[in-house]
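Structural overview for review
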Amino acid sequence: GNMTCFEQSSMTRLRSNKYYAIDVEPPATANRGWRISPTFTVAVAVLCALLATALLYTTQDHISALYGLVTVNSQAPVIRAPYSYVSPRNHVARGAPLQALQVSDRQTDTKVAAPKPKLKKAAIPTVALGDQTPEQAYATVEDIMQEYAKTFYLGSKFFSLEKRKAIWAIYVWCRRTDELVDGPDVSKDANELLAQLEVWEDRLDNIFAGTPKDSMDYALSASLATFPTSKQPYLDMIEGMRMDLPDVGVDRYQTWEDLYLYCYRVASTVGLMTLPVMGVQPWSSFDEATPPAVALGIALQITNILRDVGEDWRDRGRIYLPLEDMKRFGVTEQQIADGIVDENYINLMKFEIQRARDYYALAKKGVPMLSNEGRMPVQSSLDLYSQILDSIEKNGYDNFSTRAYVTDTQKLLTLPLSWLRTWGIPI
């Protein structure tokens, strides 16, 4: 009787056996719940704040790209099994039914695109493979990441050099994939874009086969040799790009199940790509950490969608909110177009915000599963990005005329707390 609407709908999905429940509790030793004096807490927080000031010069848009990976929580009800890969010749068309895999058949497929950072108006240049040494190839991807994703780049400093290189290479591949459909000077011809994505998929095969086509492909191929992983998340991200294509993609989502697939492909996959690089604790496993990685990506992308409702309509004529949810709360497409915030719309936003928070909750308990050096990037991205939901609420749920964001002061105050949480200190 006290369950939220989202909890009730989640239990319905659980009974229908279309999804699998997640209820993972890390060993008690993973979170000791230490008791420390307030003085010590303040002292540590101040020291962390000094280190965190470097992040004040970065943009909030890039926080979303900060390791689309994370954890598992027994409070949020369910996560659906990943979806099977759809070939470019059978890409998801508008209104096409979505088929979920059985739990026993699921692979490491989960998608990423942890909240995609906005592209600057300059395409990433291609560097011929023979023009650079291996170290120069890594320097190239590092420079690109430092230029386009400052927060993501600073977060990579938590890792060893070898892991840093892999993170840079993964980021650049994801960015180049995004630029194929959302970069400067992209074609407006959907068929041409589909053809480009198919060529890009062939190049991915070459990367995994160890025969890269250019310098940046080489950086990823070499990193995959050091940190092997499934090709599936990369394929899924490409499929997510197809879903965003004009005319042949998807500009309306009838149900939450439909939108979940999109969120998985464009946000959860990054976590699955980076998980083998980040590593897990000896007592945990990659299988345990995979559902949390999916959960964080879903939460981040829902947050993006709620923040950008007005912008998506104005710039692209798109509505990502599930139409079944809009109908349930009495919100029409015309109301979205007119930017009207009334009681019905506020109730819809409350419902969707709670859904996002449920997935953030699913993600939180997975942080202890990660290696020591992987915890802070994930915890901080979770803590910072979830505050956008608080901002939406403070703005009176008006995401048409007011953009929700996290202030520099909030970042400064949050990061030390994130660091303490990575060590199991209840803050």
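Read on for a plain summary of the structure. What you see is a predicted model, and the numbers here were worked out from it, not measured in a lab. (Residues numbered from 1 in each chain as written. Predicted model: local features only at pLDDT ≥ 70, side-chain atom pairs only at ≥ 80, totals over all residues. Heavy atoms only, no water.)

1. A word on helix α16 (residues 408-422)
Taking 1.5 Å as the rise per residue, α16 with 15 residues should run 21 Å; its terminal C-alpha atoms sit 21 Å apart, in good agreement. Among the residues making up α16, those that are buried are K411, T414, L415, P416, S418, L420 and T422. (Helix = DSSP H or I, 4+ residues; strand = E, 2+ residues; numbered from the N terminus. Expected span 1.5 Å × (residues − 1). Buried < 20%, exposed > 50% of the residue type's maximum accessible area, 1.4 Å probe, protein only.)

2. Focus on the side chain of S223
Note on placement: S223 falls in helix α7 (residues 215-226). What makes S223 buried here is its relative accessible area of 6%. When neighbours within four sequence positions are excluded, S223 is seen to be in contact with Y138, K165, A166 and A169. (Contact = heavy atoms within 4.5 Å.)

3. Some details on the pattern of salt bridges
One pass over the structure, following the stated rule, counts 22 salt bridges. Put simply, E333 and R252 hold a salt bridge, and the shortest N to O gap is 3.1 Å. Highlighted residues: E333 in helix α13 (residues 333-338) and R252 in the loop between α8 (232-243) and α9 (256-278), separated in sequence by 81 residues. With a relative accessible area of 33%, E333 lands in the partly exposed category. Connected through salt bridges with shared partners, the residues R176, R203, D214 and D217 form a single ionic network. (Salt bridge = Lys/Arg side-chain N within 4 Å of Asp/Glu carboxyl O.)

4. Comments concerning α7
End to end, α7 covers 17 Å across 12 residues, agreeing with the expected 16 Å (1.5 Å per residue, within 8%). Among the 12 residues that make up α7, nine are buried, leaving the element largely enclosed by the rest of the structure. Residues of α7 that are buried make contact with α3 (134-148), α5 (161-182), α6 (190-209) and α8. Near the N-terminus of α7, the side chain that reaches the backbone nitrogen of M216, with its oxygen 3.2 Å away, is that of D214. (Polar contact = N/O pair within 3.5 Å; in protein donor to acceptor, adjacent residues only side chain to side chain.)

5. Structural notes on the packing of aromatic side chains
Evaluated as defined, the whole model comprises 13 aromatic pairs. For the pair W173 and W200, a centre-to-centre distance of 6.2 Å together with 25° between the ring planes defines the contact as stacked. Taken together, the residues span a long stretch of sequence, with W173 in helix α5 and W200 in helix α6 at a distance of 27 residues. Of the two residues examined, W173 and W200, each falls in the buried class. Each residue in the set W173, W200, F208 and Y234 is aromatic and connected to the rest through ring pairs, giving one cluster. Sitting above the plane of the W256 ring, R355 keeps its charged end 4.2 Å from the centroid. (Phe/Tyr/Trp six-rings, centres within 6.5 Å; stacked < 30°, edge-to-face > 60°. Lys NZ or Arg CZ within 6 Å of the ring centre and 35° of its normal.)

6. Remarks on unusual backbone geometry
Positive phi is not limited to glycine here, since D247 has a value of about 75°. Along the chain, D247 turns up in the loop between α8 and α9. Backbone geometry places Y397, a non-glycine residue, at a positive phi of 65°. With respect to the helices and strands, the residue Y397 is situated in the loop between α15 (372-394) and α16.

7. A closer look at the packing of α5 against α7
Relative orientation of the contacting elements α5 and α7 amounts to 130°, with a least axis distance of 9 Å. What the angle tells us is that α5 and α7 run oblique. Between α5 and α7 the crossing geometry is left-handed. Counted together, E162, K165, A166, A169, I170, V172, W173 and R176 of α5 and M216, D217, A219, L220, S223 and T226 of α7 form the full contact between these two elements. (Axes fitted to C-alpha atoms, helices over the stretch in contact; angles between N-to-C directions. Parallel < 35°, antiparallel > 145°, perpendicular 65-115°, else oblique. Left-handed = near helix turned anticlockwise from the far one by under 90°.)

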